[in-house]
Amino acid sequence: MCRAPKPPRRPPSGIRHGARRPRRTAPRRTRAGPPTCRACMTAGSPLLRPARVPALCRAPWCCGCANQARRRQNDMRAKPHGSARTASPRRYLMCPPTHFRVEYTINPWMVPTHPVDRRLATDQWNTIRRTLLRLGHRVELIEPLPSLPDMVFAANGATVVDGKALIATFRHPQRAPEADAYETWFRGRGTEQVRRAEHTNEGEGDHLLVAGVILAGNGFRTTRASHAETHDYLRRTVIGLTLVDPRFYHLDTALAVLDDEQIMYWPGAFSPSSGRRLAELFPDALRVEERDAVQFGLNAISDGHHVLLPAAARSLARRLADHGYRPVALDVSELAKAGGGPKCCVLQLSPRAGRRRRRVGHPHGGRRTPSHYFSWRSSPWVSPPPAPALASRNRAAR
Ligand code: ARG
């Protein structure tokens, strides 16, 4: 039988003729349900069978099967330019969601009439904690207080850099008393230096350390005025970034630090000038799509290799895998009802990603990396106000 010749197959949009199709790393899902591990086709969370799991496999939706052969194969393929991603052990502070509820609205995700399943929230929080422990990190706990339903979001309690803790000053009165609890915790642990912020700043929710500098969000919670204080106390360059979309009210909902020098972010969350600044500083950054950002995909915890992120941010997990990271998908549906994800639940105590960089390469030679820009004091993008200015302003205010 004579058949008409098949029409030439058109590449999907965005792919050039002749270019290799991107490898499909997650299975097509035909119905709602838990994600399926591509390595063994088991559905469910990565922590279903922790006892049998020596290590996570590289599949974006790993069920914990640790399929070694597949992992080796994926590792070889996924690392661009043969680069190896290495995890560094970290210490985190977390607060159990014992009193977690949504009873007020301080961000657009919070709807007090939507019921929160606290047991499920506790399971989800435990999964984050157990995953961190399983990956070799240390987790300390702070006691939750009954009157503070958002205290589970420990990231907002303080900013810790070089052993110094800058305790948050919350914008909203509903969360303000959390600062006392965090201050007591840090003082009780013999932290070398502890200071309560004078200006409103919501800790590591708005302060992210990368390449030795602090990226500081402002616009909704942390104030621009607080950046000078942060710089003066923590002695790091502070780069202010203005958030403009109320759904992304903390910097850690719009931008995540992947390793010492790399970030991922959703440009739409930033003002045009902050977007330009990010593009200049991180030309190789992973620009995330809105559909992943609204799933709190950027509220991710990375140790330089493993990236814990919400399971709903599917295409982002695939992209991270293609860049040599090992995504670990977590269900955070209940925490998301308060506007939070995995990263909101952890305050990183040590070590902080990014060391102080004293020397950088020639500005016109070699590849431009963020560390070029961070030969600070000389960088045109970085303008921390001089310390005496803040000191005299503080004196005048007293
Ligand atoms: N309901 C909390 C608030 O609006 C959520 C905090 C999330 N924390 C974070 N680091 N993004 O303050």
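Residues numbered from 1 in each chain as written. Predicted model: local features only at pLDDT ≥ 70, side-chain atom pairs only at ≥ 80, totals over all residues.

Concerning the overall build of the protein chain
Reasoning step 1: Counting secondary structure elements, the protein chain contains 10 helices and 15 strands.
Reasoning step 2: Looking at the protein chain as a whole, 46% of its 398 residues are labelled buried.
Reasoning step 3: For the protein chain, the proportion of contacts with a sequence separation of at least 24, taken over those separated by at least 6, is 64%. (Helix = DSSP H or I, 4+ residues; strand = E, 2+ residues; numbered from the N terminus. Buried ≥ 20, exposed ≤ 12 C-beta atoms within 10 Å, placed from the backbone. Contact = placed C-beta atoms within 7 Å.)

Some remarks on helix α7 (residues 314–322)
Reasoning step 1: Along α7, the residues that are buried comprise R314, L316, A317, R319, L320 and A321.
Reasoning step 2: The first or second residue beyond α7 is G324, which carries a positive phi of 90 degrees.

Re the site of the ligand
Reasoning step 1: Close contacts around the ligand come from 16 residues, with F153, A155, G205, H250 and C344 the closest.
Reasoning step 2: Counted by class, the shell around the ligand contains six nonpolar, seven polar and three charged residues. (Near = placed C-beta within 6 Å. Nonpolar A, V, L, I, M, F, W, Y, C, P; charged D, E, K, R; others polar.)

Digging into the sheet that holds strand β1 (residues 91–94)
Reasoning step 1: Read from one edge of the open sheet, three strands run β2-β1-β15, paired in mixed fashion. Two strands close off the open sheet at either side, each with one partner strand: β2 (138–141) and β15 (347–350). Along the sheet, successive strands turn relative to each other by an average axial angle of 35 degrees, direction set aside.
Reasoning step 2: Pairing analysis gives four bridges linking β1 to β2, with the strands arranged parallel. Looking at the pairing, Y92 lines up with V139 of β2. (Pairing = 2+ DSSP bridges. Axes fitted to C-alpha atoms, helices over the stretch in contact; angles between N-to-C directions.)

Some words on unusual backbone geometry
Reasoning step 1: The residue A211 is not glycine, and still its phi comes out positive at about 50 degrees.
Reasoning step 2: Residue F296 is not a glycine yet carries a positive backbone phi of 60 degrees.
Reasoning step 3: Topologically, F296 is positioned in the loop between α6 (290–293) and β12 (301–302).

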